[in-house]
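# Residue-level structural notes
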Amino acid sequence: MALFGFEKDTLLDLTVNVIPLGILGFFIVAFALVPAFGTDPVFSGLQFALMITMFLLLAVLTYYAGKAVEDAEKAEQAGEEEA
């Protein structure tokens, strides 16, 4: 069974990026529910913009890294079959 089109081994390789995604997601939700630094629109907006931007960029990077790993594994398997 493949999750997001990735095999089990690739998903294990991608946990290096999934753990920081979980941490960022936790803090986004935590700061949305409990504003620890007050509710100034400028500072809160900047804080959320930075955290959400990092979350989205890391998610995109993780997806493309997974695609690259899958493609490399397929190319390696094709090379082994020819030999």
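This text goes with the structure placed above it.
Presented here is an overview of the structure given in this document. (Residues numbered from 1 in each chain as written. Predicted model: local features only at pLDDT ≥ 70, side-chain atom pairs only at ≥ 80, totals over all residues. Heavy atoms only, no water.)

### Details of the packing of helix α1 (residues 8-33) against helix α2 (residues 41-82)
The geometry of α1 relative to α2 is characterised by a closest axis approach of 10 Å and an angle of 165° between their N-to-C directions. Judged by the angle between their axes, α1 and α2 are roughly antiparallel. Two packed elements cross with a definite hand, and for α1 against α2 that hand is left-handed. Counted by class, the contact of α1 with α2 contains 18 nonpolar, six polar and three charged residues. (Axes fitted to C-alpha atoms, helices over the stretch in contact; angles between N-to-C directions. Helix = DSSP H or I, 4+ residues; strand = E, 2+ residues; numbered from the N terminus. Parallel < 35°, antiparallel > 145°, perpendicular 65-115°, else oblique. Left-handed = near helix turned anticlockwise from the far one by under 90°. Nonpolar A, V, L, I, M, F, W, Y, C, P; charged D, E, K, R; others polar.)

### Some thoughts on α1
Of all the bends found along α1, the most pronounced is centred on Thr15 and spans about 50°. Buried within α1 are the following residues: Thr10, Leu14, Asn17, Leu21, Leu24, Ile28 and Phe31. Residues of α1 that are buried in the fold lie against α2. (Bend = angle between axes of the 7 residues up to and from the residue. Buried < 20%, exposed > 50% of the residue type's maximum accessible area, 1.4 Å probe, protein only. Contact = heavy atoms within 4.5 Å.)

### Description of the side chain of Thr10
Its place among the elements puts Thr10 in helix α1. We classify Thr10 as buried; its relative accessible area is 0%. Separated by 2.5 Å, the side chains of Thr10 and Glu70 make a polar contact. Excluding residues within four positions of it along the chain, Thr10 makes contact with Gly66, Val69, Glu70 and Glu73. (Polar contact = N/O pair within 3.5 Å; in protein donor to acceptor, adjacent residues only side chain to side chain.)

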